[in-house]
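Report on the structure
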Amino acid sequence: MRRKDLSDITITDIEKLIQDEVTENKYLEYKLKIHLKDEGKIQFLSEVCAFANSSGGDIIIGIKENSITGAAQSIEGIFIKDIDQYKLQLQNIITTNIQPCVELEMKEIKVSPSCYILIVRVKEGNNKPYMVTLRNGFYYRDVAGKRPMTLYEIRNSFVSAHEIKRKMIAFIKRRIKEVSENRSPVGDFRSNPKIIMHILPIKSFKGEKFNIFDLNEDAMFKKLKLLNHDYLEPYKRWLSDGFVLYGNSDKIQSYVKVYENGVIEVASKILWQNSPYNYEKCFLTYENEKEIIKCLGESYLPFLKEIGVDLPYVIFISILNAKGFYLDINNLNCLKDKKIKHYAFNDNIIHLKSVIVENFDEKPDKILKPTFYSLWRHCGINKDFHYDQEGNWKE
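Treat the numbers as computed from the prediction; the structure is a model and nothing was measured. (Residues numbered from 1 in each chain as written. Predicted model: local features only at pLDDT ≥ 70, side-chain atom pairs only at ≥ 80, totals over all residues. Heavy atoms only, no water.)

1. A closer look at the overall build of the protein
- Of regular secondary structure, the protein possesses 7 helices and 22 strands.
- With respect to the principal axes defined by its C-alpha atoms, the protein has extents near 75 × 50 × 45 Å.
- Within the protein, buried positions represent 51% of all 395 residues.
- Taking all contacts inside the protein whose residues are at least 6 apart in sequence as the whole, residues at least 24 apart take part in 69%.
- Here the protein displays about 19900 Å² of accessible surface, and carbon together with sulfur accounts for 49% of that area.
- With 59 positive and 54 negative side-chain charges, the protein shows a spacing of 5 Å between the two charge centroids. (Helix = DSSP H or I, 4+ residues; strand = E, 2+ residues; numbered from the N terminus. Buried < 20%, exposed > 50% of the residue type's maximum accessible area, 1.4 Å probe, protein only. Contact = heavy atoms within 4.5 Å. Areas by Shrake-Rupley, 256 points an atom, 1.4 Å probe, with all protein chains shown as cover. Lys, Arg positive; Asp, Glu negative; His and termini not counted. Charge placed at Lys NZ, Arg CZ, Asp CG, Glu CD.)

If you want it as structure tokens, here you go:
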């Protein structure tokens, strides 16, 4: 059930837990009911905290378990007049009493009028370790259930979070250097200027690998799209550490590489032109941003979800050979003032603001908004004119 989207879980899945006598485990906890005062409140918070500090998991409220085996025994449900208010109450208790903020989802399943099963799905934390502030307690969950973390585990959790960040940055720096030196997975890739985007699952930097070599090739390749690529059928090549799709083999201007640990590297030419007003070299901001949004939402994120690469993902976007280019301010029809002061890129390599994807329901334009805003700030403008005042992308 853990691999199933919360929105897809029904009463049938709950009944199957009982039929199969599924026991509590590292990823699953049963609760007949939750007491939200005193020690009961601490117990609930420590369960949530433990899941966040380990690998995440589900707390199912309204299930009676066998006191000896720990297996699901019967559906009892919880009797609540206003289930939405109850969920909000739980969310507020968690937000107020666990630091840093824990990411979770909830779903109620109606058993009978005013009677529900409530599933609290806690995501593995991205900012470990997490602490129950009411007790200043750190908790972890393993196959035996919840327990307090040792001093060594707490210290190691701080170190591990720093180490993951260090590994990501080192990987990005190495790959950008190699692509800048024309050492790409497809050989001759000299498109200038170029954009390079990395989608980095955090678990990929904890040593996890995904068996991409056994995936259905046709289904897999059809899901991946190349940025700014006009050809219908890209070329394909298997590599020792993954595979790559790329455009025109005579003059490669776009490729997508998928690593065996789930990392995706996308590189492409940037669309640009000489301004008809002053002949400045200008990036076509709308066309480039729209293409990135489209490929992220329709291709890269669905692909990672389908092959089972867990969230969260960190997205890094950089522009190579950017020095001397402008943004196409003078070409934007939405601007009445064509004389907005702006500047050319001063550096050859521009690193845009990284963002984190924590939910597949997030819209790609919303995910990428901080990244695109940082692009415009590099040219001295504190907004992206392709977003409206409410922060929505303007088609």
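2. Brief notes about the sheet that holds strand 20 (residues 326-327)
- Across the sheet, 3 strands lie side by side as 17-18-20; this open sheet has mixed pairing. Strand pairing shows two members of the sheet lacking a second neighbour, strand 17 (272-274) and strand 20, which therefore form its edges.
- Examined bridge by bridge, strand 17 and strand 18 (residues 281-283) share 3 bridges and lie antiparallel to one another. Bridge pairing links W272 to F283 in strand 18. (Pairing = 2+ DSSP bridges.)

3. A look at unusual backbone geometry
- Put simply, Q99 and P100 share a cis peptide bond, and its omega is -10°.
- Relative to the elements of secondary structure, P100 occurs in the loop between strand 6 (98-99) and strand 7 (104-112).
- The peptide bond linking K128 to P129 adopts the cis configuration, its omega dihedral lying at 0°.
- Looking at the element boundaries, P129 is found in the loop between strand 8 (115-122) and strand 9 (131-132).
- Positive phi values are uncommon outside glycine, yet D38 reaches one of about 50°.
- Note that D38 resides in helix 2 (residues 38-53).
- Classification of D38 by relative accessible area gives exposed; the value is 65%.
- At N182, a residue that is not glycine, the phi angle is positive and equals roughly 65°.
- By the secondary structure assignment, N182 is in the loop between helix 4 (151-180) and strand 12 (194-201).
- Judged by relative accessible area, N182 falls into the partly exposed class, the value being 21%.

4. Details of the nonpolar core
- Judged by nonpolar contacts, the single largest core of 53 residues is most densely connected at F243, I264, Y300, F303, I315 and F345.
- Grouped together as the second largest cluster of nonpolar side chains are 29 residues, Y86, M106, Y116 and Y130 included. (Core = buried A, V, L, I, M, F, W, Y, C linked by side-chain atoms within 4.5 Å.)

5. Some remarks on the pairing of strand 13 (residues 235-239)
- With 5 bridges connecting them, strand 13 and strand 14 (residues 242-246) associate as antiparallel partners. Bridging across to strand 14, W238 finds its partner in F243.

6. Here we look at the sheet that holds strand 9
- Across the sheet, 4 strands lie side by side as 6-9-10-11; this open sheet has antiparallel pairing. Each end of this open sheet is capped by a strand with a single partner; those strands are strand 6 and strand 11 (145-148).
- Relative to strand 9, strand 6 is paired through 2 bridges, and the arrangement is antiparallel. Residue Q99 lies in a different strand from strand 9, and its bridge partner there is M131.
- Along the sheet face, helix 2 touches strand 6, strand 9, strand 10 (137-142) and strand 11 and points at about 65° away from the line of strand 10. (Axes fitted to C-alpha atoms, helices over the stretch in contact; angles between N-to-C directions.)

7. A few points about the pairing of strand 12
- Burial within strand 12 is extensive, with 8 of its 8 residues counted as buried.
- Covered by surrounding structure in strand 12 are K194, I196, H198 and L200 together with I195, M197, I199 and P201, the residues of both alternating faces.
- With 8 bridges connecting them, strand 12 and strand 19 (residues 313-320) associate as antiparallel partners. Its bridge partner being in strand 19, I196 is matched across the sheet by S318.

8. Points about the side chain of K194
- Within the secondary structure, K194 sits in strand 12.
- A relative accessible area of 3% places K194 in the buried class.

9. Digging into the pattern of salt bridges
- With the rule as written, the count across this model stands at 27 salt bridges.
- For K4, the salt bridge goes to D13, with nearest N and O atoms at 3.0 Å.
- On the accessibility criterion, K4 (32% relative accessible area) is partly exposed.
- Owing to a relative accessible area of 16%, D13 belongs among the buried residues under this scheme.
- Taking the shortest distance from any N to any O, the salt bridge between D310 and K203 comes out at 3.0 Å. Of this pair, D310 sits in the loop between helix 6 (285-306) and strand 19 while K203 is found in the loop between strand 12 and helix 5 (217-223), placing the two residues 107 residues apart along the sequence.
- With a relative accessible area of 10%, K203 lands in the buried category. (Salt bridge = Lys/Arg side-chain N within 4 Å of Asp/Glu carboxyl O.)

10. Remarks on the packing of aromatic side chains
- Using the criterion set out here, one finds 12 aromatic pairs in the structure.
- Between F283 and F325, the ring centres sit 4.8 Å apart and the planes meet at 10°, which makes this aromatic pair stacked. Note that F283 is positioned in strand 18 and F325 in the loop between strand 19 and strand 20, a separation of 42 residues in sequence. Residue F283 shares its accessibility class with F325, and that shared class is buried.
- Summarising the aromatic geometry, the rings of F283 and F345 are spaced 5.6 Å apart at their centres and angled 40° between planes, so their arrangement reads as tilted. Here F345 lies in the loop between strand 20 and strand 21 (349-351) and F283 lies in strand 18, a separation of 62 residues in the sequence. Considered together, F283 and F345 belong to a single accessibility category, that of buried residues.
- Feature note: the residues W272, F283, F325 and F345 constitute an aromatic cluster, connected by ring pairs.
- Over the face of the ring belonging to F325 we find K281, whose NZ or CZ atom lies 4.5 Å from the ring centre.
- Its guanidinium or amino end placed over the ring of Y373, K369 lies 5.4 Å from that ring's centre, counting from NZ or CZ. (Phe/Tyr/Trp six-rings, centres within 6.5 Å; stacked < 30°, edge-to-face > 60°. Lys NZ or Arg CZ within 6 Å of the ring centre and 35° of its normal.)

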